[in-house]
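Breakdown of the fold
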Amino acid sequence: MRQTAFAAVSAFALVAGAGTAIAEPKAEVLHWWTSGGEAKSVAVLKDEFTANGGSWTDMPVAGGGGDAAMTALRARVLSGNPPTAVQLKGPAIQEWYEEGALADISDVAEAENWAAVLPEAIASHMKCDGTWCAVPVNVHRVDWIWANAEILAANGIEMPKTWDEFNAAAEKLKAAGITPLAHGGQAWQDATVFETVALGIGGPDFYRKAFVELDPATLKSDTMKAVFDEMRILRGFVDDNFSGRDWNLATAMVMNGEAAFQIMGDWAKGEFLAAGKVPGKDFLCASTPGDGFLYNVDSFAMFKVDGADRIAGQKLLAKLVMGPNFQKVFNLNKGSIPARTDVPLDEFDMCAHISADDMKASAANGSLLPSYAHGMALRGAQAGAITDVVTAHFNSDMSSDEAVQMLADAVANSF
Ligand code: GAL
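Source: prediction; values computed, not measured. Here the residue numbers are simple positions, counted from 1 along each chain's written sequence. At least 70 in pLDDT is required for a residue's local features to be given in this predicted model, at least 80 for side-chain atom pairs to be given and counted, and no such filter applies to totals for whole chains, interfaces and linings, which use all residues. For side-chain calculations, the full set of non-hydrogen atoms in the structure is used, while hydrogens and water are omitted.

**Remarks on the overall build of the protein chain**
- Numbering of helices and strands runs from the N terminus, with a helix taken as a DSSP run of H or I at least four residues long and a strand as a DSSP run of E at least two residues long. Assigned secondary structure in the protein chain consists of 20 helices and 15 strands.
- Computation of the radius of gyration draws on C-alpha atoms alone. For the globule rule, the value is 2.2 Å times the number of residues to the power 0.38. Expected size for 415 residues packed as a compact globule is a radius of gyration near 22 Å; at 22 Å, the protein chain falls within 12% of this value.
- Once the C-alpha set of the protein chain is aligned to its principal axes, its extents read approximately 75 × 45 × 40 Å.
- Throughout, exposure labels follow a simple rule: accessible area from a 1.4 Å probe, protein chains only, divided by the maximum for the residue type, with under 20% read as buried, over 50% as exposed, and the rest as partly exposed. Taking all 415 residues of the protein chain together, the buried fraction comes to 56%.
- Two residues form a contact once any of their heavy atoms are found within 4.5 Å. Residue pairs in contact within the protein chain that sit at least 24 positions apart in sequence constitute 77% of those at least 6 positions apart.
- For the area figures, the Shrake-Rupley method with a 1.4 Å probe applies, and any residue is considered shielded solely by the protein chains shown. Counting every atom, the protein chain has about 16400 Å² of accessible surface; 53% of that belongs to carbon and sulfur.
- Charged side chains of the protein chain number 31 positive and 52 negative; the gap between the two group centres comes to 4 Å. Note that His is not counted, nor are the chain ends; the positive residues are Lys and Arg, and the negative ones are Asp and Glu. For the purpose of locating charges, the reference atoms are NZ of Lys, CZ of Arg, CG of Asp and CD of Glu.

**Re empty space enclosed by the protein**
- The definitions used throughout rest on a 1 Å grid laid over the protein atoms alone, on which a cavity is an enclosed set of points accommodating a 1.4 Å probe that cannot get out and a pocket is an open set flanked by protein within 12 Å on both sides along at least five of seven lines; lining residues are those having an atom within 4 Å of a point. Grid points are joined across faces, edges and corners, and a volume is the space filled by probe spheres set on the points. Evaluation of the coordinates by the stated rule reveals 1 cavity of 30 Å³ or more.
- By volume, the largest cavity is sized at about 100 Å³.
- W32, E38, G65, W267 and H374 are the residues nearest the centre of the largest cavity, which is lined by 15 residues in total.
- Only Asp, Glu, Lys and Arg are considered charged, only Ala, Val, Leu, Ile, Met, Phe, Trp, Tyr, Cys and Pro nonpolar, and every remaining residue, Gly among them, polar. Residue composition of the lining of the largest cavity, grouped by class: 5 nonpolar, 6 polar and 4 charged.
- Domain start and end points were adopted from an automatic or database domain assignment. Inspection of the lining of the largest cavity shows a minimum of three residues originating in each of domain 1 (2-137 + 298-342) and domain 2 (141-295 + 352-412).

**Things to note about the state of the cysteines**
- What counts as a disulfide here is a pair of cysteine sulfur atoms lying within 2.5 Å. Tallied over the entire structure, the rule returns 2 disulfides.
- Each sulfur in the disulfide pair C128 and C133 lies 2.0 Å from the other. On the sign convention where negative means left-handed, the S-S torsion of about 75° between C128 and C133 marks this disulfide as right-handed. For the pair formed by C128 and C133, the shared burial category is buried.
- Across the disulfide from C285 sits C351; the S-S distance is 2.3 Å. Handedness here is read from the sign of the S-S torsion; for C285 and C351, about -100°, the answer is left-handed.

**Details of the nonpolar core**
- Residue types Ala, Val, Leu, Ile, Met, Phe, Trp, Tyr and Cys, when buried and joined through side-chain atoms within 4.5 Å, form a set referred to as a nonpolar core. Core analysis: the biggest nonpolar cluster contains 73 residues, and F194, M224, L234, F261, Y372 and I386 have the highest contact counts within it.
- It is helix α10 (residues 187-202) that provides the largest number of residues to this core, a total of 7 residues.
- Judged by nonpolar contacts, the second largest core, of 62 residues, contains V42, A109, A134 and F348.

**Quick look at helix α11 (residues 204-211)**
- For α11, the complete set of buried residues consists of P204, F206, Y207, A210 and F211. Projected onto a plane normal to the axis of α11, the buried residues spread over an arc of 160° and lie on a single side.
- The inward-facing, buried residues of α11 abut α10, α12 (216-219), α13 (222-235), β12 (293-296), β15 (368-370) and α19 (380-394). Here, the arc refers to the directions that run from the helix axis to the C-beta atoms.

**Comments concerning the pattern of salt bridges**
- Here, a salt bridge means any Lys or Arg side-chain nitrogen found within 4 Å of an Asp or Glu carboxyl oxygen. Scanning the entire structure with this criterion turns up 16 salt bridges.
- Close ionic contact of E28 with R76 constitutes a salt bridge, the shortest N to O distance being 2.8 Å. One end of the pair, E28, is in strand β1 (residues 26-31); the other, R76, is in helix α3 (residues 67-78), and 48 residues separate them in sequence. No difference in accessibility class separates E28 from R76, as the two residues are buried.
- With its nearest N and O atoms 2.7 Å apart, the salt bridge here joins K315 to D107. Taken together, the positions of K315 in helix α16 (residues 308-321) and D107 in helix α5 (residues 106-111) put the pair 208 residues apart, joining distant regions of the chain.
- Judged by relative accessible area, which is 27%, K315 ranks as partly exposed.
- On the basis of relative accessible area, D107 is assigned to the partly exposed category, the value being 40%.

**So, the domain arrangement of the protein chain**
- We note that the domain assignment places domain 1 (2-137 + 298-342) and domain 2 (141-295 + 352-412) within the protein chain.
- Centre-to-centre separation of domain 1 and domain 2, based on C-alpha positions: 30 Å.
- Counting residues at the interface gives 22 residues for domain 1 and 22 residues for domain 2.
- In total, about 1700 Å² of surface goes out of reach between domain 1 and domain 2, with carbon and sulfur atoms giving 56% of it.
- Buried area is calculated as the accessible area (1.4 Å probe) missing from two parts once they are joined, with the contributions of both summed. If you sort the residues of domain 1 by the area they bury against domain 2, P91, G335 and I337 come out on top, with a joint share of 27%.

Printed below as a string of structure tokens:
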């Protein structure tokens, strides 16, 4: 290990060029990966960074979906002391670039030929004005239902293929005294469920018009009313203690047989796997009812910092994140699939294969769509405006008519 580290540092010094002092790569990494499966995953990166001579300072900010992490990031940047590397994704990358805060990592991207191994849709999120400004870790799918296999079998229930089937299954479970839906009442989790319902009920074109194009007529359409109607139905399937619950505790309810289903992205699979559960046996995975695929690509952006050691750390980190072995091992733990297209999937489970196949098919038929709830489709102000309405509706007896009007108004006022 010591030798590997030494070799890597020496190699780095050589690359840095003759006459340059040896800089020990350093990284302070801001992320929100603190649950069991998430922590196991980020440890893969930390270990690889250290094994390659880097010194890693961890800056975890707990809070699923990353809202708290993004608040912490803003405070650090405003105080003139940004972290070297930040878990950042989607349009937020562009927003920070426009503020002049991001480092250019094009030299690493070009040397490693990222363009040849990334799908164009993913690469475009990583580029700012033609330069590379972020490095992708994975592709998470958001529109998943997870289920406790034993509960479903004991109650004669199949994985639902329509929202009506889901409702019928949930009613049956409720009558049997089982909590149908494990849910954590946090705004981002409400939004996660909402966008899968919107995709399922409205279809891919509706989703795109509503949450990518923010078309006012679509936002207050009858279809959007039907989406809120379904959210009201789902509200009746959660337990009394759902408020404020973390997403991984909701996953644990499914794992432990305290609830039947959870609607959540495939980071939930990372929790099942970290607990030693086996897909197809202990738990089941299926895409939420309807067509399409909602993607959520985690990535890191490097912030402008001083110091040869920190800049060396950024370059090393960027290179390692895109390394084929890292992309495999990290994603085996995280529940996602690699962002690189050339990583063999033979060690991945059935859920990952469904994800990879559906991603390919949806890319071909135009239904591969960015998750709004996970910051892939919209800028912060617009996404936040939608989520505020979704969560206000979920936690009150607001009618669907009121909700769609409020949604259209909130979006219009968010610019
Ligand atoms: C998502 C993130 C995932 C996962 C999840 C829960 O936004 O992309 O990697 O960690 O939040 O924290």
